[in-house]
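Chain residues, written in single-letter form:
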Amino acid sequence: MRAILATTLTGPDGLRTGEIAEPDGRDRVVIDVRYAGVAFPDLLRTRGRYQVRSAPPFVPGAEAAGIVRSAPELSGFHPGQRVAVIAEGTWQEVVAADPAKVFPLPDGIPLATAAGLPLNHFTAHCALVRRARARPGETVLVHGAAGGVGSAALGLCRALDLRAIAVVGSGPKVAFARAAGAAEVVCGADWAGQVRFHTAGRGVDVVLDPVGGDRFTQSLRLLAPEGRLVVLGFTAGAIPEAKVNRLLLRNTAVLGAGWGEIAVREPDYPGTQWTELVALVERGRLVVPEPEVLPFTEAGAALRRLEDRAAIGKIVLAFHQS
């Protein structure tokens, strides 16, 4: 079968299209991949900067959507069924996954949309619901709001009756953030001042920060009393440090949202999240934006778009579209 291989730890430049053996399907759900999601951890893995290093050659990707080819008895899945999946190495034509990481698709969710739904929405849901314990009516500041995790967070804020303020890096991303669910969008060097204006100086109840760097320090100053800053990652590259005396001043907190660690410790957690997310979609509360679809042969270009911060929303790679 065809696959995208990271042949060197040089990011997009190290990607090659190759032929590899199909996976062993014993005790696994075997899925013909139609689309595979592209996420920032894929870029980190291909540069050898992820928490878990992979020795090349390896297949990047961690999420996909497609059609079940075969499944174990009592798994709950059957041939021909449309599913989304989380698995290691999804940038290939066929994947075999643990049934606990395979998720049935309602008819209303297209396969291309589903391919980019799990990682971003699971992460945003974990951050808002489990870690921040955000309550209806609270104000949430979302950094990187035009990216995959950020736009997922905006949609969830709207679905959960949270007021979202989106931070974007450029003018073209403003309209996208508004459509994704932002009540207000701030942009430019004075983004913090704009947040203070939109909150009448009170600050925000929750910050979702996948960026890190200087954004983190400024965001701490924007927390309202008993506000929570949730760390999602460090796309800016720099890992910030907090002066914890600031946490005492307004009884604020800094929390990590490591979805992967929870999913390993609690294998049923992704399935529970999927049920909640699908219910929101079916009730019309959660609208998942259509992703940008690129041929799988353009995987390198997709990663470059993430690295250059040129991507808006989610990018997925097309394998078999028929």
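Residues numbered from 1 in each chain as written. Predicted model: local features only at pLDDT ≥ 70, side-chain atom pairs only at ≥ 80, totals over all residues. Heavy atoms only, no water.

1. Thoughts on the overall build of the protein chain
In terms of helices and strands, the protein chain carries 11 helices and 15 strands. In summary, the protein chain has a C-alpha radius of gyration of 19 Å against a globular reference of 20 Å for 322 residues, a match within 12%. Reported as C-alpha extents along the three principal axes, the dimensions of the protein chain are approximately 60 × 40 × 35 Å. Here the protein chain, with 322 residues, has 52% of them falling under the buried criterion. Summed over its atoms, the accessible surface of the protein chain is roughly 14300 Å², and 52% of this surface lies on carbon and sulfur atoms. Put simply, the protein chain has 35 plus and 32 minus side-chain charges, and the middle of one group is 7 Å from the middle of the other. (Helix = DSSP H or I, 4+ residues; strand = E, 2+ residues; numbered from the N terminus. Rg over C-alpha atoms; globule rule 2.2 N^0.38 Å. Buried < 20%, exposed > 50% of the residue type's maximum accessible area, 1.4 Å probe, protein only. Areas by Shrake-Rupley, 256 points an atom, 1.4 Å probe, with all protein chains shown as cover. Lys, Arg positive; Asp, Glu negative; His and termini not counted. Charge placed at Lys NZ, Arg CZ, Asp CG, Glu CD.)

2. Focus: the sheet that holds strand β11 (residues 204-209)
Ordered in space as β10-β9-β8-β11-β12-β13, the six strands form an open sheet in which the pairing is parallel. Where the open sheet ends on each side, the last strands, each with one partner, are β10 (184-187) and β13 (253-256). The average angle at which neighbouring strand axes cross in this sheet is 20 degrees, direction not considered. Direction of pairing for β11 relative to strand β12 (residues 223-231): parallel, over a ladder of five bridges. What sits directly across from V206, in β12, is R228. Each of β9 (163-168) and β10 touches helix α5 (residues 172-180); the most contacted strand, β10, lies at about 155 degrees to it. (Pairing = 2+ DSSP bridges. Axes fitted to C-alpha atoms, helices over the stretch in contact; angles between N-to-C directions. Contact = heavy atoms within 4.5 Å.)

3. Comments concerning the nonpolar core
Within the largest apolar cluster, 56 residues are counted, with the highest numbers of intra-cluster contacts made by V140, L154, L208, V230, W259 and W274. By size, the runner-up hydrophobic cluster in this structure holds 33 residues, among which are V29, A64, A299 and A302. (Core = buried A, V, L, I, M, F, W, Y, C linked by side-chain atoms within 4.5 Å.)

4. Brief notes about the environment of T123
Mapping T123 onto the fold places it in helix α3 (residues 118-131). On a C-alpha basis, the gap between T123 and W259 in space is 5.7 Å, while along the polypeptide they are 136 residues apart. Discounting chain neighbours no more than four positions away, the residues touching T123 are P118, V149, L232 and W259. At 2.7 Å, the side chain of T123 and the backbone oxygen of L119 are in polar contact. (Polar contact = N/O pair within 3.5 Å; in protein donor to acceptor, adjacent residues only side chain to side chain.)

5. Focus: the packing of helix α6 (residues 191-198) against helix α7 (residues 214-221)
Orientation of α6 relative to α7, taken along the N-to-C sense of each, is 25 degrees, at an axis distance of 11 Å. Our classification of the angle between α6 and α7 gives roughly parallel. Crossing geometry of α6 relative to α7 is assigned as right-handed. Contact residues: W191, A192 and R196 in α6; R215, Q218, S219 and R221 in α7. Per-class residue counts for the contact of α6 with α7 are two nonpolar, two polar and three charged. (Parallel < 35°, antiparallel > 145°, perpendicular 65-115°, else oblique. Left-handed = near helix turned anticlockwise from the far one by under 90°. Nonpolar A, V, L, I, M, F, W, Y, C, P; charged D, E, K, R; others polar.)

6. Focus on the environment of L247
Within the secondary structure, L247 sits in helix α8 (residues 245-249). Residues L247 and G300, spaced 53 residues apart in sequence, show a C-alpha to C-alpha distance of 42 Å. Other than its neighbours up to four places away in sequence, L247 contacts L220, T252 and V254.

7. Considering the side chain of T199
As for its position among the elements, T199 is in the loop between α6 and β11. In terms of polar contacts, T199 uses its side chain to reach the backbone carbonyl oxygen of V195, at 2.9 Å. What T199 contacts, discounting residues up to four positions off in sequence, is T139, R163, I165 and V204.

8. A closer look at the pairing of strand β14 (residues 292-295)
Across four bridges, β14 lies against strand β15 (residues 315-318) in parallel orientation. Bridge assignment links P295 to a residue of β15, and that residue is A318. In this fold, the crossover linking β14 to β15 by way of helix α11 (residues 299-307) has right-handed handedness. (Right-handed = clockwise from strand over helix to strand, strands pointing away.)

9. Describing the side chain of S151
Locating S151 in the fold gives a position in helix α4 (residues 148-159). Here S151 is in contact with A145, F176, A180 and G313, once residues within four sequence places are set aside.

10. Describing the packing of aromatic side chains
Considering all chains together, one arrives at five aromatic pairs under this definition. Ring geometry for F103 and W274: centres 5.2 Å apart, planes at 25 degrees, overall stacked. One end of the pair, F103, is in strand β7 (residues 102-104); the other, W274, is in helix α10 (residues 269-282), and 171 residues separate them in sequence. Under the relative-accessibility criterion, F103 is labelled buried at 2%. (Phe/Tyr/Trp six-rings, centres within 6.5 Å; stacked < 30°, edge-to-face > 60°.)

11. Some thoughts on a positive patch on the surface
Residues R196, R221, K243 and R246 make up a contiguous surface patch of positive charge. With respect to the helices and strands, the residue R221 is situated in helix α7. Residue class for R221 comes out partly exposed when judged on its relative accessible area of 42%. (Patch = residues over 30% accessible without salt bridge, like charges linked within 9 Å, V, L, I, M, F, W, Y side chains within 5 Å. Salt bridge = Lys/Arg side-chain N within 4 Å of Asp/Glu carboxyl O.)

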